[in-house]
Amino acid sequence: MRARSSPLFGRLWARLVVVAVGCAAVSALLAAPFAVQAMPPPGWVHDHSSAGIPARPHGYSGLVATFGQPCSSAANAARSSWPSQSTPGVDGYINYHPYVDRDVSWNIRNHIAADLNEGALYPGIGGYNCRQIEGTTSWSVHAFGAAIDINWQRNPRGSSTWNGVGSDGHDYKKYLPKLWKGAYPGHNFYWGLNFSTIPDPMHFQYVTGY
């Protein structure tokens, strides 16, 4: 004799299924912020105005005219938070001059978040540093807050190639260099890999001819 399901049991089972689906949806929503470290502001778009991507100076005189004297209070007056800044998976701040703030903290930083490419960033990442160029008496562009180093642990000064492996172990190839320099969506930084003396693949500066 075949057992028959009671109407009450059927209704209870249906309610249990609805509750289970609802709990799964809530769990997914709660987990989402932890799966992605940062998301760009709603409606974020590139700012291609002169405020978003300002004119890039040329030579030392142009650098001083645009950014002021090295190691000034303005040289590190802007900052933003970056994943894997000095340790894999750990956020940290980098500082730089307000002249490039809109480009760095809005255009580039949000572009990485929008592409879900936080994992492309590998320690370390740095900006302002009151120092001279290694082995010289000339001021580093970092002393003006006009240069950013990206993934320096994988791309040391003197290396002739770019290592695009990120903190998640995936090879992002030239994603980051293209983002900082050009072509589109490059943001007008000059890439240190192209220096005529010692190549510096981690280095991106907002000046040419110096």
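Parameters at a glance
- Residues numbered from 1 in each chain as written.
- Predicted model: local features only at pLDDT ≥ 70, side-chain atom pairs only at ≥ 80, totals over all residues.
- Heavy atoms only, no water.
- Helix = DSSP H or I, 4+ residues; strand = E, 2+ residues; numbered from the N terminus.
- Buried < 20%, exposed > 50% of the residue type's maximum accessible area, 1.4 Å probe, protein only.
- Areas by Shrake-Rupley, 256 points an atom, 1.4 Å probe, with all protein chains shown as cover.
- Core = buried A, V, L, I, M, F, W, Y, C linked by side-chain atoms within 4.5 Å.
- Pairing = 2+ DSSP bridges.
- Disulfide = S-S within 2.5 Å.
- Polar contact = N/O pair within 3.5 Å; in protein donor to acceptor, adjacent residues only side chain to side chain.
- Phe/Tyr/Trp six-rings, centres within 6.5 Å; stacked < 30°, edge-to-face > 60°.

Caption draft 1: Looking closely at the overall build of the protein chain. A tally of helices and strands in the protein chain yields four helices and five strands. Secondary structure elements in the protein chain, listed N-terminal to C-terminal, are α-α-β-β-α-β-α-β-β. Sorting the 210 residues of the protein chain into buried and exposed places 40% on the buried side. With an accessible surface of roughly 11,300 Å², the protein chain has 59% of that area assigned to carbon and sulfur atoms.

Caption draft 2: Broad picture of unusual backbone geometry. For the bond from Pro 123 to Gly 124, the omega torsion is -10 degrees, close enough to zero to count as cis. Inspection of the secondary structure puts Gly 124 in the loop between α3 (101–114) and β3 (147–149). The residue Leu 116 is not glycine, and still its phi comes out positive at about 55 degrees. Mapping Leu 116 onto the fold places it in the loop between α3 and β3. Residue class for Leu 116 comes out exposed when judged on its relative accessible area of 52%.

Caption draft 3: Quick look at the nonpolar core. The biggest cluster of nonpolar side chains holds 33 residues, and the ones touching the most others in it are Trp 82, Ile 112, Ile 150, Leu 176, Trp 180 and Phe 189. At the level of secondary structure, the elements contributing two or more residues to this core comprise α2 (59–67), β1 (78–87), β2 (90–96), α3, β3 and α4 (175–180). The element contributing the most residues to this core is α4, with four residues.

Caption draft 4: Region of the structure containing the sheet that holds strand β5 (residues 203–205). Strand order in the open sheet formed by three strands is β3-β5-β4, with antiparallel pairing between adjacent strands. Of all the strands in the sheet, just β3 and β4 (190–191) have a single pairing partner and so form its edges. Where β3 meets β5, three bridges bridge the pair, whose relative direction is antiparallel. Bridge pairing links Ile 148 to Phe 204 in β5.

Caption draft 5: Quick look at the state of the cysteines. Counted according to the given criterion, the structure contains one disulfide. The side chain of Cys 71 participates in a disulfide bridge whose partner is Cys 130; the two sulfur atoms lie 1.9 Å from each other. One quick way to see it: the torsion about the S-S bond of Cys 71 and Cys 130 is about 95 degrees, and its sign makes the bridge right-handed. Here Cys 71 is found in the loop between α2 and β1, whereas its partner Cys 130 is found in the loop between α3 and β3, with 59 residues between them in sequence. Judged by relative accessible area, which is 24%, Cys 71 ranks as partly exposed. Given the relative accessible area of 42%, Cys 130 is considered partly exposed.

Caption draft 6: Highlighting the side chain of Glu 118. Tracing the chain through its elements places Glu 118 in the loop between α3 and β3. Of the polar contacts made by the side chain of Glu 118, one reaches the side chain of Arg 109; its length is 3.0 Å.

Caption draft 7: Summary view of the packing of aromatic side chains. A complete count under the given rule lists 12 aromatic pairs for this structure. The interplanar angle of 80 degrees and the centroid separation of 5.9 Å between the aromatic rings of Tyr 60 and Phe 144 together place this pair among those described as edge-to-face. Note that Tyr 60 is positioned in helix α2 and Phe 144 in the loop between α3 and β3, a separation of 84 residues in sequence. A residue is classified by how much of its surface remains accessible, and Tyr 60, at 33% relative accessible area, is partly exposed. Measuring from ring centre to ring centre gives 6.1 Å for Trp 162 and Trp 191, while their planes differ by 75 degrees; the resulting arrangement is edge-to-face. One end of the pair, Trp 162, is in the loop between β3 and α4; the other, Trp 191, is in strand β4, with 29 residues separating them in the sequence.

Caption draft 8: Main features of the pairing of β1. Of the strand pairs in this sheet, β1 and β2 are connected by six bridges, and their pairing is antiparallel. Among the inter-strand pairings, Ser 80 is bridged to a residue of β2, identified as Ile 94. In this structure, the hairpin formed by β1 and β2 is closed by a connection of two residues, where Gly 89 is found at a positive phi of approximately 80 degrees.

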